[in-house]
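Chain by chain, the residues:
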Amino acid sequence: MAKRGAFIVIEGLDRSGKTTQTTLLHDRLVKCGISVNLYKFPDRTTSTGKMIDSYLRSQSEVDDRAIHLLFSANRWEAAENMIQELKSGITIVCDRYAFSGIAFSAAKALPPLSTPSPGDVSTPAETPRTLTYEWCRAPDTNLPSPDLVLFLDVSPEVQKSRGGYGEERYEKEDVQRRVRSVFRRIESEFHQESESGAKTLRWIHIDAGRTLDEVSEDIWSGVEPLTGGVEEALARLWSGTP
Ligand code: Z5A
Ligand code: MG
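Caption draft 1: Focus on helix 1 (residues 18-31). Helix length check: helix 1 (14 residues) gives 20 Å between terminal C-alpha atoms against 20 Å at 1.5 Å per residue, within 8%. For helix 1, every residue scored as buried is listed here: Lys18, Gln21, Thr22, Leu25, His26 and Leu29. One side of helix 1 carries all its buried residues, which in axial view fall inside an arc of 140°. Where helix 1 is buried, its residues contact strand 1 (7-12), strand 2 (36-40), strand 3 (91-95), strand 4 (148-153) and helix 8 (212-223). Backbone geometry just after helix 1 places Gly33 at a positive phi near 80°.

As structure tokens, then:
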């Protein structure tokens, strides 16, 4: 039977180099003669994406639950195309996915890890308790599951030193620390599942505070085994999760 394309997601903290590395990876795969398409979430070009873009630039206010569902809808509207491409043998490299969705929304309901700075819009006092981890995960259940997640980790100091940081809504140190703690939970749950023998996606944690080339090489070590395609059927996210 013909193999399907691999589904590879690059996730991570803000300014960790996701967009830079997805582009470098895409170009490297093309050079190897692999048929590959690039996706990025949020896709700000669609009608849901335009609402998300306006919210992220603080040009509009949207209820925390409604914006969470819009981010998820932005993925669902691309899902069928992604599935068809993967089945036809095209590899997909994706810049952020459902894990960012959970991390940024569930972080809003966590207590601040430091004294909130003036203008911090997402302190729990203003945030509905309904934004639990489980609630945030639910709308993305059954989306196509990546085969591999490459998680780029950077310290708050490195984030601040990188271009353009601080322009959008969530780019504040306390928000980023809470986001990091939710990402840790997601990562540890996938590790626990794979240790218990469950078939799950592979999650690789990468120190993205190093040079572009060092990070690219770590990414390539994870991706290279998938360049020949994937035999297993495409799995769905959290479909077996209680
Ligand atoms: N969000 C959400 O709430 N819910 C969801 O479901 C999803 C997203 C999918 C916008 O995302 C926001 O949406 C984001 C999460 C939330 N919130 N925040 N904050 P976005 O993906 O559109 O965000 P972005 O504008 O692309 O920024 P980014 O992703 O944070 O940046 P990045 O892609 O990780 O980094 P980069 O653009 O590749 O690099 C940043 C700079 O660092 C640039 O000048 C590079 O040249 C430099 N760079 C990169 N790597 C290196 C190394 N290794 N060394 C030195 N310099 C480097
Ligand atoms: Mg980016």
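Caption draft 2: Quick look at empty space enclosed by the protein. What the rule picks out here adds up to 2 cavities of 30 Å³ or more. The computed volume of the largest cavity comes to approximately 40 Å³. In this structure, the largest cavity is lined by Phe151, Asp153, Arg180, Phe183, Arg184, Glu187 and His205. Contributions of two or more residues to the lining of the largest cavity are made by strand 4 and helix 7 (173-195). Of all the elements, helix 7 adds the most residues to the lining of the largest cavity, at 4 residues. Here the lining of the largest cavity is built from residues that sort into 2 nonpolar, 1 polar and 4 charged.

Caption draft 3: View of the nonpolar core. Judged by nonpolar contacts, the single largest core of 65 residues is most densely connected at Tyr97 and Phe99. At 8 residues, helix 3 (residues 64-87) tops the list of elements feeding residues into this core. Leave out the neighbours within four places in its chain, and Tyr97 touches Phe7, Val9, Glu11, Phe41, Arg75, Met82, Leu143, Pro144, Pro146 and Leu237.

Caption draft 4: Quick peek at the sheet that holds strand 4. Strand order in this open sheet of 5 strands is 2-3-1-4-5, and the pairing throughout is parallel. Every other strand in the sheet has two partners, leaving strand 2 and strand 5 (202-207) as the edge strands with one partner each. Direction aside, neighbouring strands of the sheet carry axes that sit 20° apart on average. Here strand 1 pairs with strand 3 via 4 bridges, running parallel. Its bridge partner lying in strand 3, Ile10 is registered against Asp95.

Caption draft 5: Representation of the site of ligand 1 in the model. Taken together, 28 residues surround ligand 1, and among them Asp14, Arg15, Lys18, Thr20 and Arg96 come closest. One of the backbone N or O atoms of Gly101 is found 3.3 Å from an oxygen atom in ligand 1. Here a nitrogen atom of ligand 1 and a side-chain polar atom of Arg162 are 3.3 Å apart. Contact with the protein chains removes 82% of the 1100 Å² of surface that ligand 1 exposes when unbound. When residues of the shell around ligand 1 are traced back to their parent elements, those giving at least two are helix 1, helix 3 and helix 4 (98-106). A breakdown of the residues in the shell around ligand 1 according to their chemical character gives 8 nonpolar, 9 polar and 11 charged.

Caption draft 6: Local environment of the packing of helix 2 (residues 47-56) against helix 3. Interhelical geometry of helix 2 versus helix 3 gives an angle of 140° and a closest axis separation of 9 Å. The angle between helix 2 and helix 3 falls in the class oblique. The way helix 2 lies across helix 3 gives a crossing that is left-handed. In this structure, helix 2 uses Thr48, Gly49, Met51, Ile52, Tyr55 and Leu56 to contact helix 3, whose residues at the interface are Asp64, Ile67, Leu70, Phe71, Ala73, Asn74 and Glu77. Among the residues making up the contact of helix 2 with helix 3, the classes are represented as 8 nonpolar, 3 polar and 2 charged.

Caption draft 7: The arrangement of the pattern of salt bridges in detail. Applying the stated criterion across every chain yields a total of 21 salt bridges. The shortest N-O distance in the salt bridge between Arg4 and Asp147 comes to 2.8 Å. Taken together, the positions of Arg4 in the segment before strand 1 and Asp147 in the loop between helix 5 (133-137) and strand 4 put the pair 143 residues apart, joining distant regions of the chain. No difference in accessibility class separates Arg4 from Asp147, as the two residues are buried. One salt bridge connects Glu168 with Arg44, and the closest N-O pair in it is separated by 3.0 Å. A residue pair is termed long-range when its members are at least 10 positions apart, and Glu168 in the loop between helix 6 (156-161) and helix 7 and Arg44 in the loop between strand 2 and helix 2 qualify at 124 residues. Classification of Arg44 by relative accessible area gives partly exposed; the value is 29%. Among the ionic contacts, a cluster of salt bridges with common partners joins Arg44, Asp53, Arg57 and Glu168.

Reading guide: rules and limits
Residues numbered from 1 in each chain as written. Chains lettered and ligands numbered in written order. Predicted model: local features only at pLDDT ≥ 70, side-chain atom pairs only at ≥ 80, totals over all residues. Heavy atoms only, no water. Helix = DSSP H or I, 4+ residues; strand = E, 2+ residues; numbered from the N terminus. Expected span 1.5 Å × (residues − 1). Buried < 20%, exposed > 50% of the residue type's maximum accessible area, 1.4 Å probe, protein only. Arc of directions from axis to C-beta. Contact = heavy atoms within 4.5 Å. 1 Å grid on protein atoms, 1.4 Å probe; cavity = no way out; pocket = protein on both sides within 12 Å on 5 of 7 lines; lining within 4 Å. Points joined across faces, edges and corners; volume = space filled by probe spheres on them. Nonpolar A, V, L, I, M, F, W, Y, C, P; charged D, E, K, R; others polar. Core = buried A, V, L, I, M, F, W, Y, C linked by side-chain atoms within 4.5 Å. Pairing = 2+ DSSP bridges. Axes fitted to C-alpha atoms, helices over the stretch in contact; angles between N-to-C directions. Near = heavy atom within 4 Å. Polar contact = N/O pair within 3.5 Å; in protein donor to acceptor, adjacent residues only side chain to side chain. Areas by Shrake-Rupley, 256 points an atom, 1.4 Å probe, with all protein chains shown as cover. Parallel < 35°, antiparallel > 145°, perpendicular 65-115°, else oblique. Left-handed = near helix turned anticlockwise from the far one by under 90°. Salt bridge = Lys/Arg side-chain N within 4 Å of Asp/Glu carboxyl O.

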